[in-house]
Amino acid sequence: MNNGHSLPAAFPAMRARRLRRTPGLRAMVSETQLSPADLIWPIFLTEGVDVVDPVPTMPGVARLSVDRAVRAAKRAKGLGIPAICLFPYTEADRRTEDCAEAWSANNLSNRATRAIKDAVPGLVVMTDVALDPYNANGHDGIVREGVIVNDESVEALVRMALAQAEAGADILGPSDMMDGRIGAMREALEESGHQDTVILSYAAKFASAFYGPFRDAVGASGRLVGDKATYQIDPANGDEAVRMVARDLAEGADMVMVKPGMPYLDICRRVKERFAVPTFAYQVSGEYAMIRAAIDAGWIEPEKAMLESLIAFRRAGCDGILTYFAPDVAELLNG
Ligand code: PBG
């Protein structure tokens, strides 16, 4: 990077193409690396046995029954992907206004966590802390007379977080954007003997159109009443996103996330430079769907497009990326 200390010589003393001439020279001056160890693989869960239920808006992605999720976990481990992240598709009769299924010890997500930790103990399991898969109206918080109420939602989220920690989750990923949830979860985890449970806060989470396919995958789209603009960040606001990261770190988050990914690389860079903490980006479902659709149409080269979309996050300062391309890309990187 030209940081002001290293102005290049003038042409022809300096010819940039000298260092681009061969693959060997290019490899020597490559500034950024991407490896399977940088990836977190998000997986959708569904009830049943031996079920692989394709998500129509995310070609190549399917909801998996717990036994199949265990197989995916073994695959992740084999590929050198350190972590998977679980998202349940909850049966309709378990989606209620009080969201009680969210903190049931035996809900789908907690059963999958136990099964995976049992079968693949070395794999890091991350879970999602938000009420939307369990909520009759698709919101991340409890709804009272049309309002997403903050403090009551935080109480529910804390219960949910404790149930996940109890099931053995290594990392909790609060994706709900309620105020005060990180501090409340951290305190409850400390008090209940889960002092080593990691919190990867979805700190800079924007109110994005790019979550559409995810909401299909977890069955929240048809249910969502209104939008999430009263709790997720306005896409116009970079300073606010930085403040949210500062706040979540102060409340006890170990790592932070920027979400979505590619439209928010400026936020990734600002967060990494400002806080120098483990910083992740989520290449969300809509980003996946766009790239996948263009690949499937034959409009862009699959391997190059996947790799370029991910190296961008590393270049922007991210330590890792949640991506639905994780297994494909890990296979590619492993040759
Ligand atoms: C819900 C949640 C969402 C995602 C992860 N957790 C959707 C939303 O906020 O509506 C999106 C992930 C993706 O789009 O891939 N709390």
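Relevant structure appears above.
Below: a short report on this structure. Bear in mind that the values here come from a model prediction, so they are computed numbers and not experimental data. (Residues numbered from 1 in each chain as written. Predicted model: local features only at pLDDT ≥ 70, side-chain atom pairs only at ≥ 80, totals over all residues. Heavy atoms only, no water.)

Topic: the environment of C85
Inference 1: Within the element layout of this structure, C85 appears in strand β4 (residues 83-88).
Inference 2: With relative accessibility at 0%, the residue C85 sits in the buried group.
Inference 3: Distance in space between the C-alpha atoms of C85 and L322 is 8.3 Å, their sequence separation being 237 residues. (Helix = DSSP H or I, 4+ residues; strand = E, 2+ residues; numbered from the N terminus. Buried < 20%, exposed > 50% of the residue type's maximum accessible area, 1.4 Å probe, protein only.)

Focus on the site of the ligand
Inference 1: Residues in contact with the ligand amount to 18 residues; listed here are only the nearest, K205, R215, K259, S285 and Y324.
Inference 2: A distance of 3.0 Å separates a nitrogen atom of the ligand from a polar atom in the side chain of D140.
Inference 3: In the model, an oxygen atom of the ligand is placed 2.6 Å from a nitrogen or oxygen of the R215 side chain.
Inference 4: Look at the ligand: alone it shows 400 Å² of surface, and the protein chains cover 100% of it.
Inference 5: For the shell around the ligand, a count of residues per class yields 8 nonpolar, 3 polar and 7 charged. (Near = heavy atom within 4 Å. Polar contact = N/O pair within 3.5 Å; in protein donor to acceptor, adjacent residues only side chain to side chain. Areas by Shrake-Rupley, 256 points an atom, 1.4 Å probe, with all protein chains shown as cover. Nonpolar A, V, L, I, M, F, W, Y, C, P; charged D, E, K, R; others polar.)

Quick notes on the pairing of β4
Inference 1: Taking burial as the measure, the 6 residues of β4 include 6 buried ones, the bulk of the element.
Inference 2: Residues A83, C85 and F87 point to one face of β4 and I84, L86 and P88 to the other, with burial holding for every one of them.
Inference 3: Alignment of strand β1 (residues 39-45) against β4, held across 6 bridges, turns out to be parallel. Residue pairing across strands places I40 opposite A83, the latter belonging to β4.
Inference 4: Pairing of β4 with strand β5 (residues 124-129) involves 4 bridges; the strand directions are parallel. By the bridge assignment, A83 is partnered in β5 with V124.
Inference 5: Of the crossover connections in this fold, the one passing from β4 over helix α3 (residues 108-119) to the parallel β5 is right-handed. (Pairing = 2+ DSSP bridges. Right-handed = clockwise from strand over helix to strand, strands pointing away.)

Some words on unusual backbone geometry
Inference 1: In this structure, the amide linkage connecting F11 to the following residue, P12, adopts the cis form with an omega of 5°.
Inference 2: Inspection of the secondary structure assignment puts P12 in the segment before α1 (23-28).
Inference 3: Cis geometry marks the peptide bond from K259 to P260, where omega comes out at -10°.
Inference 4: A positive phi angle is found at D50, which is not glycine, with a value near 55°.
Inference 5: With respect to the helices and strands, the residue D50 is situated in the loop between β1 and β2 (52-54).
Inference 6: For D50, a relative accessible area of 46% gives the class partly exposed.
Inference 7: Of note in the backbone geometry, E145 takes a positive phi value of approximately 50° without being a glycine.
Inference 8: Looking at where E145 falls in the secondary structure, it is placed in the loop between β6 (143-144) and β7 (147-148).

Observations concerning the state of the cysteines
Inference 1: In total, this model carries 0 disulfides according to the counting rule given.
Inference 2: C318 supplies the cysteine sulfur nearest to C85, a cysteine that is in no disulfide, at a spacing of 16 Å.
Inference 3: Cysteine C318 remains unbridged, with the sulfur of C268 as its closest cysteine sulfur at 3.6 Å. (Disulfide = S-S within 2.5 Å.)

Section: α3
Inference 1: An ideal rise of 1.5 Å per residue puts 16 Å on 12 residues; α3 measures up with 16 Å between its terminal C-alpha atoms.
Inference 2: Of all the positions in α3, only L108, S109, N110, A112, T113, I116 and K117 are classed as buried.
Inference 3: Here the buried face of α3 lies against β1, α2 (66-79), β4, β5 and α4 (150-167). (Expected span 1.5 Å × (residues − 1). Contact = heavy atoms within 4.5 Å.)

So, helix α7 (residues 238-250)
Inference 1: Over its 13 residues, α7 runs 19 Å from end to end, which matches the ideal 18 Å to within 8%, given 1.5 Å per residue.
Inference 2: Regarding α7, the residues found buried are G238, A241, V242, M244, V245, R247 and D248.
Inference 3: Residues of α7 that are buried in the fold lie against α5 (181-191), β9 (198-205), β10 (255-259) and α8 (265-275).
Inference 4: Looking at the residues trailing α7, positive phi occurs at G252, about 115°.

Remarks on a nonpolar patch on the surface
Inference 1: On the surface, L19, M28 and V29 cluster together into a nonpolar patch covering about 320 Å² of accessible area.
Inference 2: Inspection of the secondary structure puts L19 in the segment before α1. (Patch = residues over 30% accessible without salt bridge, like charges linked within 9 Å, V, L, I, M, F, W, Y side chains within 5 Å. Salt bridge = Lys/Arg side-chain N within 4 Å of Asp/Glu carboxyl O.)

A word on the pairing of strand β8 (residues 171-174)
Inference 1: Residues of β8 alternate between two faces, with I171 and G173 on one and L172 and P174 on the opposite face, all of them buried.
Inference 2: Where β5 meets β8, 4 bridges bridge the pair, whose relative direction is parallel. Looking at the pairing, V129 lines up with P174 of β8.
Inference 3: Pairing analysis gives 2 bridges linking β8 to β9, with the strands arranged parallel. Bridge pairing in β9 places I171 opposite V198.
Inference 4: In this fold, β8 hands off to α5, which returns the chain to β9; that crossover is right-handed.

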